[in-house]
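Tertiary structure, described
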Amino acid sequence: MTTFVLVPGAWHGSWCWQRVRKALQSAGHDVFTPALTGVGERSHLMSPQVTLDTHIADVVNLMRWENLTDVVLCGHSYGGCVITGVADSVPERLRAIVYLDAFILENGQGLYDVLPPAVAEAQAKGANETGHGWQIPPIPAEFFNVNAADRDWVNAQCTPQPIATFTQRLALRNPPFAPHRVTHVLATGFEGSPFPPFHALAKRKGWKTRTVDCGHDVMLDRPAELVDILLDAAR
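My aim in this report is to walk through the structure given alongside it, one point at a time. Quick caveat, the model's predicted, so the values are computed rather than measured.

Topic: the overall build of the protein
Secondary structure summary: the protein contains ten helices and eight strands in total. Taken against the 2.2 N^0.38 rule, which gives 18 Å for 235 residues, the C-alpha radius of gyration of the protein at 16 Å falls within 12% of a compact globule. When the backbone C-alpha atoms are referred to their principal axes, the protein occupies close to 45 × 40 × 35 Å. Here the contacts in the protein between residues at least 6 apart in sequence split such that 74% fall between residues at least 24 apart.

Brief notes about the packing of helix α2 (residues 52-65) against helix α3 (residues 79-89)
Packing of α2 against α3 leaves a shortest axis separation of 9 Å and a crossing angle of 55 degrees. Overall, the two elements α2 and α3 adopt an arrangement that is oblique. Here α2 and α3 pass one another in a crossing that is right-handed. Each of Leu 52, His 55, Ile 56, Val 59, Val 60 and Met 63 in α2 lies in contact with α3, whose residues at this interface are Cys 81, Val 82, Gly 85, Val 86 and Ser 89.

Let's talk about the sheet that holds strand β1 (residues 3-7)
The strand order β2-β1-β3-β4-β7-β8 describes an open sheet built from six strands, whose pairing is parallel. Single-partner strands in this sheet number two, and they are β2 (30-32) and β8 (208-212). Neighbouring strand axes in the sheet, compared pairwise and without regard to direction, differ in orientation by 20 degrees on average. This element, α3, spans β1, β3 (71-76) and β4 (94-100) of the sheet and lies at about 150 degrees to β3. Of the strands in this sheet, β7 (182-187) and β8 touch helix α8 (residues 196-205), which is tilted by about 150 degrees from β7.

Here's the deal with the side chain of His 184
Tracing the backbone shows His 184 in strand β7. You can call His 184 buried: its relative accessible area is 0%. A polar atom in the side chain of His 184 sits 2.9 Å from the backbone oxygen of Ala 102. A polar contact of 3.0 Å, which involves the side chain of His 184, links it to the side chain of His 199.

Remarks on the packing of aromatic side chains
Applying the stated criterion across every chain, the model contains eleven aromatic pairs. On the numbers, 5.1 Å between centres and 75 degrees between planes, the contact of Trp 15 with Trp 153 is edge-to-face. Remark: Trp 153 occurs in helix α6 (residues 151-157) and Trp 15 occurs in the loop between β1 and α1 (18-26); sequence separation between them is 138 residues. Accessibility expressed as a relative area gives 7% for Trp 15, which makes it buried.

Side note on the state of the cysteines
Using the criterion set out here, one finds zero disulfides in the structure. Counting only cysteine sulfurs, Cys 158 is the nearest neighbor of Cys 16, a cysteine outside any disulfide, at a range of 8.3 Å. Judged by its relative accessible area of 11%, Cys 158 is buried.

Observations regarding the pairing of β7
Strand residues, when the strand is regular, have side chains that alternate between the two faces of the sheet. With six of six residues buried, β7 lies mostly within the body of the structure. In β7, alternate side chains face the same way, and those of Val 182, His 184 and Leu 186 on one face and Thr 183, Val 185 and Ala 187 on the other are all buried. As defined by bridge partners, β4 adjoins β7 across four bridges and the pair is classed as parallel. Paired with Val 98 across the strands is Thr 183, a residue of β7. Note that β7 and β8 share five bridges and pair parallel. Bridge pairing in β8 links Val 185 to Arg 210. With respect to chirality, the unit in which β7 leads through α8 into the neighbouring parallel β8 is right-handed.

Section: the environment of Leu 36
Following the sequence through the fold, Leu 36 ends up in the loop between β2 and α2. As for Leu 36 and Pro 223, which are separated by 187 residues in sequence, their C-alpha atoms are 21 Å apart. If we skip the residues at most four places from it in the chain, Leu 36 touches Val 7, Pro 8, Arg 42, His 55, Asp 58, Val 59, Tyr 78 and Val 82.

Rules used throughout
Residues numbered from 1 in each chain as written. Predicted model: local features only at pLDDT ≥ 70, side-chain atom pairs only at ≥ 80, totals over all residues. Heavy atoms only, no water. Helix = DSSP H or I, 4+ residues; strand = E, 2+ residues; numbered from the N terminus. Rg over C-alpha atoms; globule rule 2.2 N^0.38 Å. Contact = heavy atoms within 4.5 Å. Axes fitted to C-alpha atoms, helices over the stretch in contact; angles between N-to-C directions. Parallel < 35°, antiparallel > 145°, perpendicular 65-115°, else oblique. Left-handed = near helix turned anticlockwise from the far one by under 90°. Pairing = 2+ DSSP bridges. Buried < 20%, exposed > 50% of the residue type's maximum accessible area, 1.4 Å probe, protein only. Polar contact = N/O pair within 3.5 Å; in protein donor to acceptor, adjacent residues only side chain to side chain. Phe/Tyr/Trp six-rings, centres within 6.5 Å; stacked < 30°, edge-to-face > 60°. Disulfide = S-S within 2.5 Å. Right-handed = clockwise from strand over helix to strand, strands pointing away.

What follows is the structure, given as structure tokens:
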């Protein structure tokens, strides 16, 4: 039996992990899918004060209060920023880390330091036009090539993202996690994806790498394949 903690990406909540969570639980594993402050089912806590550090604390505190150890920690997309901070804060609680079509931040970087400037500018414009300057509206599921059957559901479920979660920079204090215990997964069916450079970075770091032929939301498009990847990481 393995303990998995699955962290959603921007605009998503724990709902996006339903299929993967049920499959892992049916195989006898413990699975936690924390929603991040201000997003998804915790969108009632949305405020300009929600930062990347807030989201790191969401996951770290879950592990501490649930007394979770030997955890396989997975972060999707923006969730890669979160799990980097979590791994730096509580490395002793982790068995392995999986970056699922996710960003990789180095010390002193925030998401807007690694996104193309035009993308960051477009998001800031959206926040100024519809989100009081600090709420970034969700990107449509069609852009991420989410499978057609799930697109309307995903668009209805996604909620705005606090902009400070993208602008705040990470302050890392501990040595990097052991490379043989880290996996980066690239979704190859997402046209215009920003993630191939991070997949290449993972290879340079000596991490394990995998590819999945689907859109960005792998947990929705290929849940069974993702379960296999997570179980492989656990080994």
